[in-house]
Amino acid sequence: MDTNGRSRPADATPAQAQESEAALAPSEMLALMQGQQRTTRNRLDRALYILLGTWAVAWFVGFLALWSAEDGGANPLLRIPTATAFSIFGALMLVGIIVSVVSGISMGRGMRGRSNTAGTLYGFSWSISMMGAYCFAASLLRQVQNPALAPLLMPGIFVITIGVLYMAGAAMSRSGAQFALGVAVVVLAVVATALGAPTHYLVYGTVGPLIFITFIVLLRTGAISSEPSLRDGARA
């Protein structure tokens, strides 16, 4: 039976099915489009919850570990071996990158054509961008050979790269809220670097997770949306 209550043979051809769908009333078509939009938005929101939650934990633990390092740290309550601090930080950043790749790919799953391709390319752009940022910073440090530059350059370039990737994802999903998140992360990198080492570790480890958690709360409460409105989608 079709959506208009009329019976339809079980072995109806695709052409007949298309004719039946074409017979949908405008209100039914609108309801169908809104249902598809809600499904897409829920999938995007779940991917963002996982992505932002992972980075919130990674930044909180990772950067506070660097702030607590015996060499270059400033935590008055706890100090850990420098090698251990950087190992913790590196492992958490790697986890964050892997989750970002998977989340980016999942954002395009279930979409058709260019949207699916865009989601896959966006997922892989995380790993490529992070590797590029690391190689660039490492090469620059070898040329400059300034020990005071590394603690500021390495986290700064990674954080800016993350902010730019969030803005690129916002362009893909047409989400102004996600674009604002990317802007906030870039601004955080600038402010933290201006404060200097080792204070910037504390700023990254506290303000960064707060930004991510705030974004999650706003998504959960419906104050912001990861998906454009139906009117915007129809206009595109």
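J.: Which residues make up the overall build of the protein chain, and what are the values?
T.: Counting its regular elements, the protein chain contains eight helices and zero strands. Shown N-terminal to C-terminal, the secondary structure of the protein chain runs as helices and strands in the order α-α-α-α-α-α-α-α. Considering the protein chain as a whole, with its 236 residues, one finds that 39% of them fall into the buried category. Partitioning the intrachain contacts of the protein chain with sequence separation of at least 6 by distance along the chain shows that 62% fall at a separation of at least 24. With an accessible surface of roughly 12,900 Å², the protein chain has 66% of that area assigned to carbon and sulfur atoms.

J.: Could you give me a rundown of the packing of aromatic side chains, with the residues and numbers involved?
T.: The final tally for this structure, using the stated rule, is eight aromatic pairs. Ring geometry for Trp55 against Trp126: centres 6.0 Å apart, planes inclined by 25°, an arrangement best described as stacked. Note that Trp55 is positioned in helix H2 (residues 26-67) and Trp126 in helix H4 (residues 114-144), a separation of 71 residues in sequence. Of the two residues, Trp55 and Trp126, both sit in the buried class. Of the aromatic side chains, those joined through ring pairs into one cluster are Trp55, Trp59, Phe63, Phe89, Trp126, Tyr166, Tyr204 and Phe212.

J.: Please give an account of the nonpolar core that cites residues and values.
T.: One finds Trp55, Trp59, Trp126, Tyr166 and Phe212 to be the most contacted residues of the largest nonpolar core, which totals 47 residues. No other element matches H2, which puts 12 residues into this core. For Trp126, the contacting residues outside a window of four places in its chain are Trp55, Ser100, Val101, Ile162, Leu165 and Tyr166.

J.: How would you explain a nonpolar patch on the surface if you had to name every residue and give the values?
T.: Taken together, the side chains of Phe179, Val183, Val187, Val191 and Leu195 define a hydrophobic patch exposed on the protein surface, amounting to about 410 Å² of accessible area. Judged by relative accessible area, Val183 falls into the partly exposed class, the value being 35%.

J.: Describe the environment of Gly169, listing the residues and the values that go with them.
T.: Of note, Gly169 is situated in helix H5 (residues 150-173). In this structure Gly169 comes out as buried when scored by relative accessible area, which is 2%. A C-alpha to C-alpha distance of 8.2 Å links Gly169 and Gly104, two positions 65 residues apart in sequence. Residue contacts for Gly169: discarding those within four places in its chain leaves Tyr122 and Gln178.

J.: Any chance you could break down helix H7 (residues 199-221) for me, citing the residues and the numbers?
T.: With 23 residues, H7 should cover 33 Å at 1.5 Å per step; its first-to-last C-alpha distance of 33 Å lies within 8% of that length. Along H7, the residues classified as buried are His200, Tyr201, Val203, Tyr204, Gly205, Gly208, Pro209, Phe212, Phe215, Ile216 and Leu219. A positive phi of about 80° marks Gly222, the residue just after H7.

J.: Go over the packing of H5 against helix H6 (residues 176-195) with me, naming the residues and quoting the values.
T.: Helix packing for two helices is described by the angle between their axes and how far apart those axes are. Contact pair H5 / H6: the axes reach a minimum separation of 7 Å and the direction vectors enclose 165°. In terms of their interaxial angle, H5 and H6 are classed as roughly antiparallel. Two packed elements cross with a definite hand, and for H5 against H6 that hand is left-handed. Contacts from Leu152, Gly156, Val159, Ile160, Ile162, Gly163, Val164, Tyr166, Met167, Gly169, Ala170 and Ser173 of H5 reach H6 at Gln178, Phe179, Leu181, Gly182, Val183, Val185, Val186, Ala189 and Thr193.

J.: Which residues make up the confidence of the model for the protein chain, and what values do they have?
T.: Parts of the prediction with low pLDDT should not have their coordinates interpreted in detail. Chain-level pLDDT for the protein chain is 80 on average; 73% of the residues reach the 70-or-more range. Predicted confidence for residues 5-9 stays below pLDDT 50, and this span has seven contacts to residues more than four positions away or in other chains. Low confidence marks residues 229-236, where pLDDT is under 50. Its contacts with residues over four positions away, or in another chain, come to eight contacts.

J.: Tell me what's going on with the packing of H6 against H7, and back it up with residues and numbers.
T.: For the pair H6 and H7, the least separation of the axes is 9 Å and the interaxial angle reads 165°. What the angle tells us is that H6 and H7 run roughly antiparallel. Of the two elements, H6 crosses H7, and the hand of that crossing is right-handed. Across the interface between the two elements, Ala177, Gln178, Leu181, Ala184, Val185, Leu188, Ala189, Ala192, Thr193 and Leu195 of H6 pack against Thr199, His200, Val203, Tyr204, Val207, Gly208, Ile211, Phe212 and Phe215 of H7.

J.: So, the environment of Ile160: which residues are in play, and what are the values?
T.: Turning to its location among the elements, Ile160 is positioned in helix H5. Classification of Ile160 by relative accessible area gives partly exposed; the value is 35%. Along the sequence, Ile160 and Leu188 sit 28 residues apart, while their C-alpha atoms lie 8.6 Å from each other. Every residue in contact with Ile160, bar those within four places of it in the chain, is listed here: Val186 and Ala189.

The rules behind each value
- Residues numbered from 1 in each chain as written.
- Predicted model: local features only at pLDDT ≥ 70, side-chain atom pairs only at ≥ 80, totals over all residues.
- Heavy atoms only, no water.
- Helix = DSSP H or I, 4+ residues; strand = E, 2+ residues; numbered from the N terminus.
- Buried < 20%, exposed > 50% of the residue type's maximum accessible area, 1.4 Å probe, protein only.
- Contact = heavy atoms within 4.5 Å.
- Areas by Shrake-Rupley, 256 points an atom, 1.4 Å probe, with all protein chains shown as cover.
- Phe/Tyr/Trp six-rings, centres within 6.5 Å; stacked < 30°, edge-to-face > 60°.
- Core = buried A, V, L, I, M, F, W, Y, C linked by side-chain atoms within 4.5 Å.
- Patch = residues over 30% accessible without salt bridge, like charges linked within 9 Å, V, L, I, M, F, W, Y side chains within 5 Å.
- Salt bridge = Lys/Arg side-chain N within 4 Å of Asp/Glu carboxyl O.
- Expected span 1.5 Å × (residues − 1).
- Axes fitted to C-alpha atoms, helices over the stretch in contact; angles between N-to-C directions.
- Parallel < 35°, antiparallel > 145°, perpendicular 65-115°, else oblique.
- Left-handed = near helix turned anticlockwise from the far one by under 90°.
- pLDDT = per-residue confidence, 0-100.

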